[in-house]
Amino acid sequence: MMGRDGAGNDVVEIKVHPRRENNVRSAPPYQNNSVFKKWVPWLVPLFVVSNIAVFIAVMYVNDCPTNSGSCAAPSLGRFSFQPLKENPLLGPSSSTLVKMGALDVARVVNKNQSWRLISCIWLHAGVFHVVANMLSLLLIGIRLEQEFGFFRVGLVYIISGFGGSLLSALFIQTGISVGASGALFGLLGGMLSELITNWTIYANKVAALTTLLCIIAINLAVGLLPHVDNYAHIGGFLSGFFLGFVFLIRPQFKWINQKACPPGYIAPPAKSKHKTYQYVLWIVSLIVILVGFTLGMVALLRGVNVNDHCSWCHYLSCVPTSLWSCNSRQVSCQSAQLGNQLNLTCMSNGKSNLYYLSGDDLSKVQQLCAQLCN
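What you see is a predicted model; the values in this text were computed from it and never measured.

(A) Broad picture of the overall build of the protein. From N to C terminus, the protein includes 13 helices and three strands. Relative to its 374 residues, the protein shows a buried fraction of 41%. Restricting the contact set of the protein to residue pairs at least 6 apart, pairs at least 24 apart contribute 69%. Carbon and sulfur atoms form 63% of the exposed surface of the protein, whose accessible area is close to 21,000 Å².

Here it is as structure tokens:
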């Protein structure tokens, strides 16, 4: 029978929680939702929608039936594509892309249009181009935004895109360049540096690192094919790699254990939130980014062509084999202009075409000549 004993027979019950210094347990960092906040991704989907909307706007401006006459998919009317011989990716003309903000080094250097280093990452050469890049962005970006939030992932994406454009402009100074590939490679680079700097909190480290390195190697290898701007890929990857050490840093494992330790358990003490090597990588990476971008912009605006100072660097973008050549053909055309009518004849294949120009634009004439001789 339960009851209260007299004063002389009081019973005192003492509960002792044993110390478990040699048996410390904590929930895995990425399985404990209380340790790291899970973000709802909205910026990456917004980037995808924005890129598609920009492509539709570019096709509206392109207006193939009015400006070219012969078009692919003419049933689309104003949104029909340029002839497949001119643009096999199902997209606009190169002159339209230049008008909308494509990377044109001559305009960046001679007309102070540095904004093209950013605007070009929102443009795509065709349907196949934009679909491939947007699927890649969803696969890579959603996971990163869930883990690190829109602000940090957005910075890595845009700054990496700028870095890819900058390196491309330093090596490829003829023709135009568009696409979000540099920014996408920046996210891959950020994933790699994030794995390295947050090494202590990951399980299956070697497997994760091996898988990521294989994905990066395959994508960079594709850039060695002709007509692919691998300089933008490399520049974006390197930018994202160093940015990852700056923006995607996590607390060390001991600090996480200490914060997430359940009642009754004792976690090993952590002196600081981050390890020393994380601080070193943060400082070194920030210096590399600032110095690299500054020197790159100075060299670009001075008209420096890095190929003149590096005899082997062209192999970074294309490796010649028995199946293809990396030498870009030099095209030349004979022109005859009457008012706003321009007749071009390609000297290499003898093709001729009549164009209507709104003004005397030398760079546009060069692009039309390249299209005619392609």
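Here the narrative resumes.
(B) Spatial organisation of the environment of Lys273. Within the secondary structure, Lys273 is located in the loop between helix H11 (253–260) and helix H12 (276–301). When its relative accessible area of 39% is taken as the criterion, Lys273 is described as partly exposed. In sequence terms Lys273 and Arg250 are 23 residues apart; their C-alpha atoms lie 8.7 Å from each other.

(C) Structural context of the pattern of salt bridges. Inspection of every chain in the model, using the stated rule, returns five salt bridges. Measuring nitrogen to oxygen at the nearest pair gives 3.7 Å for the salt bridge that ties Arg78 to Asp63. Taken together, the positions of Arg78 in the loop between helix H2 (64–67) and helix H3 (94–100) and Asp63 in the loop between helix H1 (43–62) and H2 put the pair 15 residues apart, joining distant regions of the chain. The class for Asp63 is buried, based on a relative accessible area of 10%.

(D) Representation of the UniProt feature "transmembrane region" (unreviewed entry) in the protein. Following the UniProt record, the feature "transmembrane region" (unreviewed entry) maps to residues 39–60, 121–142, 154–172, 178–199, 206–225, 231–249 and 279–301 here. End C-alpha to end C-alpha, residues 39–60 measures 36 Å, and it is 82% helix and 0% strand. The annotated region residues 154–172 carries 95% helix and 0% strand content, and the separation between its end C-alpha atoms amounts to 27 Å.

(E) Molecular detail of a nonpolar patch on the surface. Among the surface-exposed residues, Trp39, Trp42, Leu46, Phe150 and Phe151 lie close enough to one another that they form a single nonpolar patch of about 510 Å² accessible area. On the secondary structure map, Phe150 appears in helix H7 (residues 150–171).

(F) The side chain of Ser317, seen in detail. Mapped onto the fold, Ser317 is located in the loop between H12 and strand S1 (333–338). A distance of 3.3 Å separates a polar side-chain atom of Ser317 from the backbone oxygen of Val228. In this structure Ser317 touches Gly223, Leu224, Leu225, Val228, Asp229, Asn230 and Tyr231, once residues within four positions along its chain are discounted.

(G) Up close: the pairing of S1. With six bridges joining them, S1 and strand S2 (residues 341–346) adopt antiparallel strand pairing. Counterpart to Ser335 in the pairing with S2 is Leu344. What sits between the antiparallel neighbours S1 and S2 is a turn of two residues, in which Gly339 has the positive phi angle 65°.

(H) Representation of the environment of Leu195. With respect to the secondary-structure elements, Leu195 resides in helix H8 (residues 181–197). The exposure class of Leu195 is buried, given its relative accessible area of 4%. Each C-alpha atom, one on Leu195 and one on Phe245, is 9.5 Å from the other, the two residues being 50 residues apart in sequence. Apart from the residues lying within four places of it in its own chain, the contact partners of Leu195 are Tyr202, Ala208 and Leu209.

(I) Layout of H12. Under the 1.5 Å per step criterion, the end-to-end length of H12 is 38 Å for 26 residues, consistent within 8% with the ideal 38 Å. Within H12 the residues assigned to the buried category are Gln278, Ser285, Ile289, Phe293, Gly296, Met297, Ala299 and Leu300. The inward-facing, buried residues of H12 abut helix H4 (105–110), helix H5 (116–119), H7, H8 and helix H10 (230–247).

About the criteria used
Residues numbered from 1 in each chain as written. Predicted model: local features only at pLDDT ≥ 70, side-chain atom pairs only at ≥ 80, totals over all residues. Heavy atoms only, no water. Helix = DSSP H or I, 4+ residues; strand = E, 2+ residues; numbered from the N terminus. Buried < 20%, exposed > 50% of the residue type's maximum accessible area, 1.4 Å probe, protein only. Contact = heavy atoms within 4.5 Å. Areas by Shrake-Rupley, 256 points an atom, 1.4 Å probe, with all protein chains shown as cover. Salt bridge = Lys/Arg side-chain N within 4 Å of Asp/Glu carboxyl O. UniProt positions renumbered as here; feature names shortened; annotations may be inferred. Patch = residues over 30% accessible without salt bridge, like charges linked within 9 Å, V, L, I, M, F, W, Y side chains within 5 Å. Polar contact = N/O pair within 3.5 Å; in protein donor to acceptor, adjacent residues only side chain to side chain. Pairing = 2+ DSSP bridges. Expected span 1.5 Å × (residues − 1).

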